Amino acid sequence: MATSQTTQSPAARKGTDWWAEIKGILWLVVAVLAFHSLIAKPFYIPSESMMPTLLKGDRLVVTKFPFGWSWVSPSFHVLPPIKGRIFGHMPERGDIVIVTPPGQSSDYIKRVIGLPGDTVEMRGGQLYLNGKPVKRVLAQPAMIPVDANIPCDEGPQAGHQVTGKDGKLYCQLTVFRETLPNGRSYDTIDFGYMPQGDDYGPITVPADHVFLMGDNRDQSADSRFPLVALGLGGPVPFENVGGRAEFITFSLDGTSQIWNPVSWITALRSGRAGTSLHPSRDPTVAAQPAR
């Protein structure tokens, strides 16, 4: 007479090892935070201060290691301000960097204009380095599509809306191509003479500091403006620089809705993913120090 007997293996009877699962998750979090703090992190562009290079809604990658590490490197700025850097290496003029203003915890994104020992001055909107005007030529206007993130209807941008040949609205902005003495060049936006910001200095950048400016010269709170005006308060200590902007990963026009997955796709701006944020070298200008 045959009998049936149900048996379970020891592995089948064993319950979930919740402590092992929790440890696995904790190690994953530690790994992500370590990468975020030491190697690279994503960054979101919240304003128009770096147009036309960067648009509000751009997402990009910032690397932490090119300039070494400091108190601003760890995620969420968990360390108090500490002077100096580990394996510190000064950026080049023209690099786009993220920076934490003195006494704050938020990050700004600006371009390096002056290095220690440089004398920086603005005269009528013209940038001078060490008493010499930086090469600046009028370029083709920027034609930035109007969308929810770039409505082009407030501040200096108001009145710059035009209809393109395709029937769509664009923000048409005056662009000057600026070339630093090391041959690195990039586009800047100028809305005309603005008393605040277009006349500044001269000021000499102290040791272990950098002077930073936004590419949108008339809509950027940068080293030209005091901290009380949400600027950077002059040259910024090198240890407050958190990393270098590398490339755009994707860009959103401001219409995405978290509860509508379809909008995550329709809100994507075309043609911006993969754009390098390293300034080009002007072949007509020999790389040389500003002095």
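Everything below is about the structure printed above this text.
Residues numbered from 1 in each chain as written. Predicted model: local features only at pLDDT ≥ 70, side-chain atom pairs only at ≥ 80, totals over all residues. Heavy atoms only, no water.

## A look at the overall build of the chain
At step 1: In terms of helices and strands, the chain carries four helices and 18 strands.
At step 2: At 24 Å, the chain has a C-alpha radius of gyration far larger than the 19 Å of a compact globule built from 291 residues.
At step 3: The buried share among the 291 residues of the chain stands at 44%.
At step 4: Accessible area for the chain stands at about 15400 Å²; split by element, carbon and sulfur atoms hold 61% of it.
At step 5: Both charge centroids of the chain, one from 27 positive and one from 26 negative side chains, sit 6 Å from each other. (Helix = DSSP H or I, 4+ residues; strand = E, 2+ residues; numbered from the N terminus. Rg over C-alpha atoms; globule rule 2.2 N^0.38 Å. Buried < 20%, exposed > 50% of the residue type's maximum accessible area, 1.4 Å probe, protein only. Areas by Shrake-Rupley, 256 points an atom, 1.4 Å probe, with all protein chains shown as cover. Lys, Arg positive; Asp, Glu negative; His and termini not counted. Charge placed at Lys NZ, Arg CZ, Asp CG, Glu CD.)

## Some remarks on the pattern of salt bridges
At step 1: Tallied over the entire structure, the rule returns 14 salt bridges.
At step 2: Close ionic contact of Arg136 with Asp190 constitutes a salt bridge, the shortest N to O distance being 2.4 Å. Residue Arg136 is found in strand 8 (residues 135-138), and its partner Asp190 is found in the loop between strand 13 (184-189) and helix 3 (195-198); the two are separated by 54 residues along the sequence.
At step 3: Of the charged contacts, one joins Asp222 and Arg224 as a salt bridge, the two residues approaching to 2.9 Å between their closest N and O atoms.
At step 4: Here Arg224 falls in the buried class, since its relative accessible area comes to 7%.
At step 5: A single network of salt bridges, built from pairs that share partners, joins Asp58, Asp147, Arg269 and Arg272. (Salt bridge = Lys/Arg side-chain N within 4 Å of Asp/Glu carboxyl O.)

## Concerning the sheet that holds strand 9 (residues 142-145)
At step 1: With respect to topology, three strands assemble into an open sheet ordered 9-11-10, the strand pairing being antiparallel. Lying at the two open borders of the sheet, with one neighbouring strand each, are strand 9 and strand 10 (161-163). Averaged over all pairs of adjacent strands, the angle between their axes in this sheet comes to 45°, without regard to strand direction.
At step 2: Sheet topology places strand 9 next to strand 11 (residues 169-173); four bridges connect them, and they run antiparallel. (Pairing = 2+ DSSP bridges. Axes fitted to C-alpha atoms, helices over the stretch in contact; angles between N-to-C directions.)

## Regarding the pairing of strand 3 (residues 96-99)
At step 1: Alternating positions in strand 3 separate into two faces, Ile96 and Ile98 on one and Val97 and Val99 on the other, with burial throughout.
At step 2: The pairing of strand 3 with strand 4 (residues 108-114) spans four bridges and is classified as antiparallel. The partner of Ile98 across the bridge, within strand 4, is Ile109.
At step 3: Examined bridge by bridge, strand 3 and strand 17 (residues 241-251) share three bridges and lie antiparallel to one another. Paired with Val97 across the strands is Arg244, a residue of strand 17.

## Observations concerning the state of the cysteines
At step 1: A complete count under the given rule lists one disulfide for this structure.
At step 2: Disulfide pairing places Cys152 opposite Cys171 at an S-S distance of 2.0 Å. One quick way to see it: the torsion about the S-S bond of Cys152 and Cys171 is about 70°, and its sign makes the bridge right-handed. With Cys152 in the loop between strand 9 and strand 10 and Cys171 in strand 11, this pair connects stretches of sequence that are 19 residues apart. For the residue pair Cys152 and Cys171, the accessibility class agrees, reading buried in each case. (Disulfide = S-S within 2.5 Å.)

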